[in-house]
Amino acid sequence: MRSQIYRSARSLLSASLKRTSPAFSGGKAAAVSCRGRMSSLASYSLSESGNACRGWISGVLALPAAAFMLQEQEAHAAQMERTFIAIKPDGVQRGLISEIVSRFERKGFKLVGIKIIVPPKDFAQKHYHDLKDRPFFNGLCNFLSSGPVLAMVWEGEGVIRYGRKLIGATDPQNSEPGSIRADLAVVVGRNIIHGSDGPETAKDEIKLWFKAEELVNYTSNAEKWIYGTN
C-alpha cells in the first residue's frame, strides 16, 4: 500500500516538474534538473535555481507523506462505527442542543457531520418508513417536520449501542436515570431525540440525511487518550 502511494506521489511530482522545468525530461530525478548544464543556468541567478531545487526536494518529501497521512486517516475512520443522531423540534425549541451534544463529546465520541434543517413531510415519511403501518405514523411525521431538526453523525467504537444508552428508552418514564430522555423529557410524544438502533439503520439514515461530501474524516487529538493502550 505504501509503495503505491509513493509511486502515485512520484508521478504527480514528475508531471509537475515537466510542466515547470525545461531541464527536466525522461523521468529523471529532480536533482538532475538542479544540476543542469552551465549554459542552462546562465539565465537564472544561483539563488533562484537553489530555491527551485529546494522546492522540488520539498515536493518529493511532502507529497508521499501527505498521501500516506490521508490514507491512514481514512483507514482509521473505516474501523470506527458511525451512527445518526437527531435532536427533534422539541429539543431544539427547548434550547437543549448544547446539553445533548456535550454528553456525546464527554463520552469520547467524535462529531463528523452536523446540520440544521426543517424536513418536509415527505422526507419525514422516508425517515419513519418502517413505522408506516402504525396508527401514529402520520402524527409522528407531522411533528418531525414541524420545526428545525439538528441532524448529526457521531463516530466512535460502539457508538450505535452506547449512543442508545445515552439517549434512553423511547418512553422517558422507562429510561434509566442519567440518560438524556430520563433527565430531559417526560412523555413519549416529546422525547427530544432520535438515534439509530442498529448498523443497517445507521447506514440508511446517514445516507438519507447526509451527502457523502458533508461528512469528514479526521483524527482527533483526544483519541490517543480515549483508545490508547498502556
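Conventions we followed
- Residues numbered from 1 in each chain as written.
- Predicted model: local features only at pLDDT ≥ 70, side-chain atom pairs only at ≥ 80, totals over all residues.
- Heavy atoms only, no water.
- UniProt positions renumbered as here; feature names shortened; annotations may be inferred.
- Axes fitted to C-alpha atoms, helices over the stretch in contact; angles between N-to-C directions.
- Helix = DSSP H or I, 4+ residues; strand = E, 2+ residues; numbered from the N terminus.
- Parallel < 35°, antiparallel > 145°, perpendicular 65-115°, else oblique.
- Left-handed = near helix turned anticlockwise from the far one by under 90°.
- Contact = heavy atoms within 4.5 Å.
- Nonpolar A, V, L, I, M, F, W, Y, C, P; charged D, E, K, R; others polar.
- Buried < 20%, exposed > 50% of the residue type's maximum accessible area, 1.4 Å probe, protein only.
- Pairing = 2+ DSSP bridges.
- Polar contact = N/O pair within 3.5 Å; in protein donor to acceptor, adjacent residues only side chain to side chain.

The name an unreviewed UniProt entry gives the protein chain is Nucleoside diphosphate kinase, with Salvia divinorum as the organism. UniProt, in the comment section headed Function (unreviewed entry), describes the protein chain in these words: "Major role in the synthesis of nucleoside triphosphates other than ATP. The ATP gamma phosphate is transferred to the NDP beta phosphate via a ping-pong mechanism, using a phosphorylated active-site intermediate. Shows the highest specificity towards GDP." Recorded in UniProt for the protein chain, the comment headed Sequence similarities (unreviewed entry) runs: "Belongs to the NDK family."

Student: For this particular structure, what's the right way to read the packing of helix 6 (residues 97–107) against helix 9 (residues 159–167)?
Tutor: Axes are the key here: two packed helices are described by the angle between their axes and the distance separating the axes. Taken N-terminus to C-terminus, the directions of helix 6 and helix 9 make an angle of 135°; their axes are 11 Å apart at the nearest point. Considering the angle they form, helix 6 stands oblique to helix 9. Taken as a pair, helix 6 and helix 9 cross one another with a handedness that is right-handed. Contacts between helix 6 and helix 9 involve Arg103, Phe104 and Lys107 from the first element and Tyr162, Gly163, Leu166 and Ile167 from the second. Grouping the amino acids of the contact of helix 6 with helix 9 by side-chain chemistry returns four nonpolar, one polar and two charged.

Student: Where do I start with the pairing of strand 1 (residues 81–87) in this structure?
Tutor: For a regular strand, the rule is simple: side chains alternate between the two faces of the sheet. The buried fraction of strand 1 amounts to six of the seven residues, a majority that puts the element mostly inside the structure. Note that strand 1 and strand 3 (residues 149–156) share seven bridges and pair antiparallel. Residue pairing for strand 3: isoleucine 87 is matched across the bridge by leucine 150. Relative to strand 4 (residues 193–195), strand 1 runs antiparallel, the two sharing three bridges. Following the sheet pairing, isoleucine 87 is matched in strand 4 by isoleucine 193.

Student: Would you mind going over the UniProt feature "binding site: ATP" (unreviewed entry) in the protein chain with me for this structure?
Tutor: Under the feature "binding site: ATP" (unreviewed entry), the UniProt entry names Lys88, Phe136, Arg164, Thr170, Arg181 and Asn191. Not counting chain neighbours up to four residues away, the residues in contact with lysine 88 comprise Tyr128, Phe143, Leu144, Pro148, Arg181, Asn191, Ile192, Ile193 and His194. A relative accessible area of 5% means that arginine 181 is categorised as buried. Those residues in contact with arginine 181 that sit more than four places away from it in its chain are Lys88, Ile167, Gly168, Ala169, Thr170, Pro172, Ser175, Asn191, Ile193 and His194. One polar contact links the side chain of arginine 181 to the main-chain carbonyl oxygen of glycine 168, over a distance of 3.1 Å.

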